[in-house]
Amino acid sequence: MTAQDDVDLTGVLERVKTGVAAFDDLVMGGLPRARTTVVSGTPGSGKTVFATQFLAHGITTFGENGVLVTFEEPPADIEANMRGFGWDLAKWRKEGRLAFVDASPPATDELVIGDFDLAGLLSRIEHAVKNANAKRVVLDSLTQLFDHFIGDPKILRRELFHISTALKKSGLTVLMTAERNSEYGEITRHRLEEFVADNVVILRNVLHYEKRRRTIEVLKMRGSHHAEGEAPFTLLASQGVVAVPLSSLRLEQQSSTVRVTSGNPAIDEMCGGGFFRDSVTLVSGATGTGKTLLVTNFLAGGVTAGERAILFGYEESKGQLFRNASGWGTDFARMEADGKLKVICLYPEAQGLPDHLLTIQSLVDEFKPNRIAVDSLSALERIAPDTGFREFLISLTSFIKKREIAGLCTATSKSLIGGESVSEQHISTLTDSIILLRYIQEEEVMNRGLMVLKMRGSEHAKEIRRFAIDGSGMHLGDPFKRAPNVFKT
Amino acid sequence: MAELVLRLYIAGNSAGSRRAEQNLHDLRTLLNEAWHIEIIDVMRRPELAEQARIIATPTLSYEHSGRPRRIVGDLSDKKRILEFLGIETGDDP
């Protein structure tokens, strides 16, 4: 359970966990029991997967059986389609933990004249609930029901309200899906949510800069608080809907005072004794200023101190990274053979940002490193500008801190001399420390300069240090006396 | 000659169900002896509603060798019902 343990629970709605962990956090623990939630989205936005997951997790994790009322596809098709997510609906059906109500269009000629009700449907649902001893009911999707009885939307509204009320009275938690025409517009076709829904959840699948961006938003939650705004999610084979947790919901990371080495004694000194163990440091600089070298030092410094380190590279191949490292006297291959280092190189374009985040999270949880480096954020920013990238960063930094590991990320500034990068603007407030690498012209010579711009919770050196790179790595020299103003961000 | 069956699915004592029953009773007088009529209350026999995949009530179902024909509603328009079911009667209803 989360924060609500501390508050008075009297009168607070009991929660039903959906099994989408980060979503349950958005709605303060789960969907309210004995209420109706409408999940709305355009075709292909993941409604059926979300709804089925709600039933699947009820059955497998919480011992709550379910009823799936299907208006579109026959049960056999749904069983086949959902197998890919690892949900064996057919098995649960045979075990009596899941019951279907097949309300898909039957092969009959039908004529509708005059008033009618949906008592047939309700009695079948109640019958199925009784047979399966169900606690959760899904109706997927109401839009097909409206298409079936296309001439009588008023009757359907009245009848669905009646069904919703009857199911809630039996203590059932009901999830109904509905289609919408556009990502930003009317909540559902036929405005279903106005008469049946206690809660409204919207799934979006927006084309954004040629990338699909899936988000989930809790629009309304009667009698309860919920997080506002869109949270990114992804559809994973064998898992279904995986919402990406947004750190802004919880700012509860511990702040450690334990220092770890940056891999370079001189930089440790400039930082007041090294990086903090659970902090994220940003190294920003133009191409060729030595960012990847700093990353190499950071990883090697950790491994030398007996730590485990992981690197996510998005700009260079593993071979290139290993070659670079050995050029600076660091043997990545041996570290990896010893199981102390793990290097993962991926094309940024290989997957969407939420998937990149999940890749990082699952590999970190698997390898359990003490430090992590990401080289570079700018490469990732390329595939999802603005909102998506910011969400990614927030999630990544909070994840790193929550695991109490030291993080180092790089960002490439666009101009060679001085200048800021877009990533910097996003990142600077999210990272604990910032190290700037810049080219500095002195008369006829181009030198490199390093500065610790920010070090949260610690004193740090204020000067700009000259540095050189050779076959044994980075060497810091004297401070610049009269450096031009190239360190502004 | 095979028995011709018309099944009327109703829901308890709702006004619509009672009207449909009454209308079907009136309609019965226009049909010949071969027609057999069954009334099924979905609230008492949900498993039969499930079997026939009934959603709306009242529903009149005519199951024959071809695609079943179904009429949803209270059966007040007798002429259209007979036309739709393809049942011929001697006189104009």
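Residues numbered from 1 in each chain as written. Chains lettered and ligands numbered in written order. Predicted model: local features only at pLDDT ≥ 70, side-chain atom pairs only at ≥ 80, totals over all residues. Heavy atoms only, no water.

S.K.: Could you give an account of the interface of chain A and chain B, naming the residues involved and the relevant values?
M.R.: Taken together, the 28 residues of chain A in the interface contact 26 residues of chain B. Carbon and sulfur atoms make up 56% of the area that chain A and chain B hide from each other, which totals about 2300 Å². Inspection of the chain A/chain B interface yields 3 salt bridges. Measuring nitrogen to oxygen at the nearest pair gives 3.0 Å for the salt bridge that ties A:Arg124 to B:Glu50. Where chain A touches chain B, the interface holds 14 residue pairs in polar contact (both at pLDDT 80 or more). The set of elements that each furnish at least two residues to the side of chain A that touches chain B consists of β5 (98-102), β6 (109-113), α5 (119-132) and α6 (142-148) of chain A. Among the elements that line the side of chain A that touches chain B, the one with the most residues is α5(A), at 6 residues. When its residues are assigned to classes, the side of chain A that touches chain B shows 15 nonpolar, 7 polar and 6 charged. For β6(A) and strand β4 (residues 69-73) of chain B, the ladder comprises 5 bridges, and the chain directions are parallel. Opposite A:Leu111, over in β4(B), you have B:Ile71 as the bridge partner. (Contact = heavy atoms within 4.5 Å. Buried area = accessible area lost by both parts, 1.4 Å probe. Salt bridge = Lys/Arg side-chain N within 4 Å of Asp/Glu carboxyl O. Polar contact = N/O pair within 3.5 Å; in protein donor to acceptor, adjacent residues only side chain to side chain. Helix = DSSP H or I, 4+ residues; strand = E, 2+ residues; numbered from the N terminus. Nonpolar A, V, L, I, M, F, W, Y, C, P; charged D, E, K, R; others polar. Pairing = 2+ DSSP bridges.)

S.K.: Break down the nonpolar core for me, with residues and values.
M.R.: Within the largest apolar cluster, 41 residues are counted, with the highest numbers of intra-cluster contacts made by A:Val69, A:Leu118, A:Leu121, A:Ile125 and A:Leu139. If we skip the residues at most four places from it in the chain, A:Leu121 touches A:Val69, A:Phe71, A:Val101, A:Ala103, A:Ile163, B:Ile54 and B:Ile55. (Core = buried A, V, L, I, M, F, W, Y, C linked by side-chain atoms within 4.5 Å. Buried < 20%, exposed > 50% of the residue type's maximum accessible area, 1.4 Å probe, protein only.)

S.K.: Can you tell me about the packing of α5(A) against helix α7 (residues 153-169) of chain A, naming the residues and giving the values?
M.R.: Residues and elements named next belong to chain A. Contact geometry of α5 with α7 gives a least axis separation of 10 Å together with a crossing angle of 20°. Taken as axis vectors, α5 and α7 run roughly parallel relative to one another. Between α5 and α7 lies a crossing whose hand is right-handed. Of the residues in α7, those in contact with Ala 119, Leu 121, Leu 122, Ile 125 and Glu 126 of α5 are Glu 159, His 162, Ile 163, Ala 166 and Leu 167. In terms of residue class, the contact of α5 with α7 is made up of 7 nonpolar, 1 polar and 2 charged. (Axes fitted to C-alpha atoms, helices over the stretch in contact; angles between N-to-C directions. Parallel < 35°, antiparallel > 145°, perpendicular 65-115°, else oblique. Left-handed = near helix turned anticlockwise from the far one by under 90°.)

S.K.: Please give an account of the sheet that holds strand β19 (residues 406-412) of chain A that cites residues and values.
M.R.: All names here are of chain A. Across the sheet, which stays open at both edges, the 9 strands sit in the order β17-β16-β18-β19-β15-β20-β21-β22-β23 with mixed pairing between neighbours. One side of each edge strand has no neighbouring strand; the edge strands of this open sheet are β17 (341-345) and β23 (473-479). Direction aside, the axes of adjacent strands within the sheet are offset by 25° on average. Those strands touched by helix α13 (residues 353-367) are β16 (309-313), β17 and β18 (371-375), and its axis lies near 160° from that of β16.

S.K.: Describe the side chain of A:Lys47, and please don't skip the residues or the numbers.
M.R.: Residues and elements named next belong to chain A. By the secondary structure assignment, Lys 47 is in helix α2 (residues 47-60). Buried within the structure, Lys 47 lacks any salt-bridge partner; Glu 179 is the closest side chain of opposite charge, at an N-O distance of 4.6 Å. At 3.2 Å, the side chain of Lys 47 forms a polar contact with the backbone oxygen of Gly 41. With near-sequence residues (within four places) excluded, Lys 47 lies in contact with Val 39, Ser 40, Gly 41, Thr 42, Thr 177, Ala 178, Glu 179 and Leu 203. (Lys, Arg positive; Asp, Glu negative; His and termini not counted.)

S.K.: Tell me about the side chain of A:Asn297, and name the residues and values.
M.R.: All names here are of chain A. In this fold, Asn 297 is placed in helix α10 (residues 291-304). When its relative accessible area of 12% is taken as the criterion, Asn 297 is described as buried. Apart from residues no more than four positions distant in its own chain, Asn 297 is found in contact with Ser 262, Gly 263, Asn 264 and Met 474.

S.K.: Give a description of α5(A) that names residues and reports values.
M.R.: Counted at 1.5 Å a residue, the expected span for α5(A) with its 14 residues is 20 Å, and the 20 Å between its end C-alpha atoms agrees. Across the 14 residues of α5(A), 10 count as buried, placing the element largely inside the fold. Within the span of α5(A), buried status applies to A:Ala119, A:Gly120, A:Leu121, A:Leu122, A:Ser123, A:Arg124, A:Ile125, A:Ala128, A:Val129 and A:Ala132. Of the surrounding secondary structure, the elements contacted by the buried residues of α5(A) are β4 (65-70), β5, β7 (134-140) and α7 of chain A together with α2 (46-52) of chain B. Count one or two residues on from α5(A) and you reach A:Asn133, which has phi positive near 50°. (Expected span 1.5 Å × (residues − 1).)

S.K.: How would you sum up the sheet that holds strand β2 (residues 35-41) of chain B? Please name residues and give values.
M.R.: The strand order across the open sheet formed by 5 strands is β6(A)-β4(B)-β3(B)-β1(B)-β2(B), and the pairing between neighbours is mixed. For this open sheet the edge positions go to β6 of chain A together with β2 of chain B, each flanked by a neighbour on one side alone. In this sheet, adjacent strand axes meet at a mean angle of 15° when their direction is disregarded.

Function cannot be inferred from these measures alone, as they are strictly geometric.
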